[in-house]
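Remarks on the overall topology
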Amino acid sequence: MQLALSADLPEREFKHRLASGEVRNVQVYNGPVKGGGLSFLCWVVIDITERKQAERQLRQSEEKFTKIFQTTPNVVVISRMTDAVLLEVNPGFEAVTGYSRMEAIGHSTLELGLWAEPADRERMVADLHLYGQVLYQLFNFRRKDGTVRIGQMSVRPITLNDESCVLFVMQDVTESQQSERELRASEERYRLLFERSHDAIFVIDRQSGRYLAANRAAEELTGRTAADLVQLTVADVVTTEPSQRLLGNEEMPERLPLGEVRYRRPAGGSRTALLSLVPVNDAIMFGIAQDITEIKVARQRIEHLAYYDVLTGLPNRALLAQRAEWALALAMRHGQELAVLFLDVDHFKEVNDALGHSEGDALLAEVAVRLRALVRAADMVCRIGGDEFVLLLPDTAQQGALQVADKVLAAFREPYKVTGHVLNVSVSIGIALYPRDGADFNDLLKNADTALYRVKQQGRNACLSYDREMNAATLERLMVERDLRQAIGAGQLRAYYQPKVRLSDRTVIGAEALVRWQHPERGLVPPGQFIPVAETSDLIVELGDWMLEEVCRQIADWQARGWVVPTVSVNLAARHFRLPKLVERVGSLLQAYGLAPRLLELEITESTLLEVSSQTTETLRALEQLGVGLALDDFGTGYSSLSYLKRLPLTALKIDQSFVRDLVADSDDRTLAATIVTLGHYMDLVVVAEGVETEEQRSILFEQGCDLAQGYLFGRPVPASEFIGWLT
Ligand SMILES: Nc1nc2c(ncn2[C@@H]2O[C@@H]3COP(=O)(O)O[C@H]4[C@@H](O)[C@H](n5cnc6c(=O)[nH]c(N)nc65)O[C@@H]4COP(=O)(O)O[C@H]3[C@H]2O)c(=O)[nH]1
């Protein structure tokens, strides 16, 4: 056999069938062999079936490996452990890294810059030593074109030709990693949105309505923890019905805004939210609720502010207008009447000035309470501004309106106690009736206001129903006001002077300046036609100021022309005394025209004095200090108390001409005139009688001890040029 084999016989392989039928692979060597002097024909048959099979399997395996190696899109490389030199790379490597096989083999992975972070290789080698392999590790690799991508590597050590190598398999997972990262980021975003949203978010089971999850805002809204909520259904928490109705409704649109719902809180109370339901899939939906409890309260508050007066809590003009329209519609339908009472607190401004705004406010609040108590529940009491109130009385005719007005007037006779002060306050009331005085609310209110204006003109503390003539008067008032404003600037005002004489000897010892309006169309207009209008606004102040200056100028002019001028008195209205700068103004006029203060006297009516505040008293004192005289006009018409008058720095008292007129015929007036004279003297005042027209009147007054007199008997008011006749 040795001989045969060493003889280098030609070999052949056969398939040999055994008797059993089994086919075996055999290797056959045959040929002539010489040995020991002999020549043989030698046959050596070796059964190589197992070897052949192993070889075939190896070949197949190699083929398979090669196929995988060649076709896998993954990177498969064999590199040396020690220096990372690439020994073999597959086409996958070429495709993924961009390096060709030629460029790669013989170069180290570090040299090629395949490791975007070389530390990753060190970690891989260390792991190989430690664990024997690396599985699915992520790392960044750099392609030939410089782009860095994410790879997932699995590495095993292998020995190749006695060298320590690694088999490195890698997949480019950049895309999947990125989408995973994006997914994670998106999940994170939604998680944050869920957790941090100011809106309450509930995840709800659509069938049962059970809460599956809830965020912090939902916990705050419901007053329950998320752990508690997941034990409950929507019906347990929400009091409003519509959301329950919609649960389980499969035909839901993408988002269903449900409007306001109320969440019952376990500790009591509830919160209101705006809820939307968003179906996610057949099983679950989101409930997104915005807590609007505070917004609702604020909205209600704003609404309240828009429709109610803050000070008194009464409805304001806007709400009154709305309700009035409604009440009028009802009245029209049922053929009923309706009354509008326009109320104004008399002399409220003075109370406010004298006591301060907080007391003024307290008074108004008290007035509101008193009014509310007087009327029926169906009636409406409103404050429409300042000291103006309106009563809206549905189903009320003239008689009823007057009764209510009388009740109001009577109620105001009770004094008010406001922050320690006892105040006697009265009101004036104007009445307008639907349908008689107007078909809509604006007309009714306007006409009630007109009636109110008339009440005030007639002395206040009363009520009047509107009648059509009043409107004409209102129009006239407006026209006068407009024209008068222009008249002052246009120099249409004139000062007339009426002498004041001493009763004992008829010597002129003074004059009263009286305003006249030289109207371009209407001629000389007497003050009675425009002073009351001017008194309702600051026009009276402008007018009085004009008179003051004109009189000062006139006195200076007379003096300059050598006349001996007596004291001239100027009428000033209540509003004038409220000006903080009145004293300063008078002082500077006297100085500007170089006049002695005793040449000027200011006349104020008794009703002006009744309106005075403590501030006015101070003004009067300052004027006295200045040396200017102060006469009390129309004495006897007001109700001023003696002690009160005594405290004021007056210099003269004028008996109102109404007492003088009937002096001869009426013994009461005689007594009154005598009393006023005594009173005036008791107060160290000069007493002047107004409107003396007859000799009888003069002699009675003289006998009664009256000091001075004024009247047609002695002289009518005349222009300055004519008054010279009275001067010496
Ligand atoms: N029947 C009659 N009347 C007489 C007689 N003697 C004088 N009079 C009138 O009586 C009024 C006296 O003025 P008064 O009481 O201050 O009453 C004044 C005064 O309250 C107001 N007034 C006049 N001028 C001014 C002014 O410059 N400023 C202010 N605030 N009011 C003025 O207008 C009122 C009316 O003024 P006048 O029409 O000028 O009317 C004047 C005068 O012309 C008489 O013997 N018989």
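Parameters and conventions
Residues numbered from 1 in each chain as written. Predicted model: local features only at pLDDT ≥ 70, side-chain atom pairs only at ≥ 80, totals over all residues. Heavy atoms only, no water. Near = heavy atom within 4 Å. Polar contact = N/O pair within 3.5 Å; in protein donor to acceptor, adjacent residues only side chain to side chain. Areas by Shrake-Rupley, 256 points an atom, 1.4 Å probe, with all protein chains shown as cover. Helix = DSSP H or I, 4+ residues; strand = E, 2+ residues; numbered from the N terminus. Nonpolar A, V, L, I, M, F, W, Y, C, P; charged D, E, K, R; others polar. Patch = residues over 30% accessible without salt bridge, like charges linked within 9 Å, V, L, I, M, F, W, Y side chains within 5 Å. Salt bridge = Lys/Arg side-chain N within 4 Å of Asp/Glu carboxyl O. Buried < 20%, exposed > 50% of the residue type's maximum accessible area, 1.4 Å probe, protein only. Pairing = 2+ DSSP bridges. pLDDT = per-residue confidence, 0-100. Contact = heavy atoms within 4.5 Å. Axes fitted to C-alpha atoms, helices over the stretch in contact; angles between N-to-C directions.

**Things to note about the site of the ligand**
Neighbouring residues of the ligand: 20 residues in total, closest Gln498, Asp633, Gln657, Glu693 and Tyr712. Here Arg516 contributes a side-chain N or O atom positioned 2.9 Å from an oxygen atom of the ligand. Here Gln657 contributes a side-chain N or O atom positioned 2.8 Å from an oxygen atom of the ligand. Relative to its free-state accessible area of 780 Å², the ligand is covered by the protein chains to the extent of 82%. Those elements that provide at least two residues to the shell around the ligand are β22 (508–519), α19 (539–560) and β26 (629–635). Residue composition of the shell around the ligand, by class: nine nonpolar, five polar and six charged.

**Things to note about a nonpolar patch on the surface**
Taken together, Leu41, Trp43 and Val45 make up a surface patch of nonpolar side chains, about 370 Å² in accessible area. Within the secondary structure, Trp43 sits in strand β3 (residues 38–47). Given a relative accessible area of 54%, Trp43 falls into the exposed group.

**A few points about the pairing of strand β27 (residues 652–655)**
Burial along β27 is two-sided: the residues Ala652 and Lys654 and Leu653 and Ile655 are all buried. For β26 and β27, the ladder comprises three bridges, and the chain directions are parallel. Directly across from Phe635, in β27, lies its bridge partner Ile655. As judged from the four bridges shared by β27 and strand β28 (residues 686–689), these two strands associate in the parallel manner.

**Remarks on unusual backbone geometry**
Most peptide bonds are trans, and most residues other than glycine sit at a negative phi. The step from Tyr434 to Pro435 runs through a cis peptide bond, and the omega angle for that step is 0°. The residue Pro435 is located in the loop between β19 (427–434) and α16 (441–457) in this model. At Tyr136, a position not held by glycine, the phi torsion is positive, near 50°. Checked against the element boundaries, Tyr136 lands in strand β6 (residues 134–142). Note on Tyr136: relative accessible area 59%, which makes it exposed. Phi at Asn461 takes a positive value of approximately 50°, unusual for a residue other than glycine. Following the sequence through the fold, Asn461 ends up in the loop between α16 and β20 (463–465). By relative accessible area, Asn461 is classed as partly exposed at 39%.

**Here's the deal with the confidence of the model for the protein chain**
When the pLDDT values of the protein chain are averaged, the result is 88; 93% of them are 70 or greater. The ipTM, which scores confidence in the relative placement of chains, is 0.95 for this predicted complex, and the corresponding pTM is 0.47.

**Considerations on the side chain of Thr72**
Its place among the elements puts Thr72 in the loop between α2 (49–71) and β4 (75–80). Classification of Thr72 as buried rests on a relative accessible area of 14%. Among the polar contacts made by the side chain of Thr72, one reaches the main-chain amide nitrogen of Asn74 at a distance of 3.1 Å. When neighbours within four sequence positions are excluded, Thr72 is seen to be in contact with Lys67, Asn90 and Gly92.

**A short note on the sheet that holds strand β14 (residues 338–345)**
The five strands are arranged β15-β16-β14-β19-β20 in an open sheet whose pairing can be described as mixed. Two strands in the sheet have a free side with no partner beyond their single neighbour: β15 (380–385) and β20. Neighbour-to-neighbour, the strand axes of this sheet turn through a mean angle of 20°, independent of strand direction. Examined bridge by bridge, β14 and β19 share eight bridges and lie antiparallel to one another. When the bridges of β19 are listed, Asp344 appears paired with Ser428. Lying over the sheet, helix α12 (residues 317–334) contacts β14, β15, β16 (388–394) and β19, oriented at roughly 140° with respect to β15.

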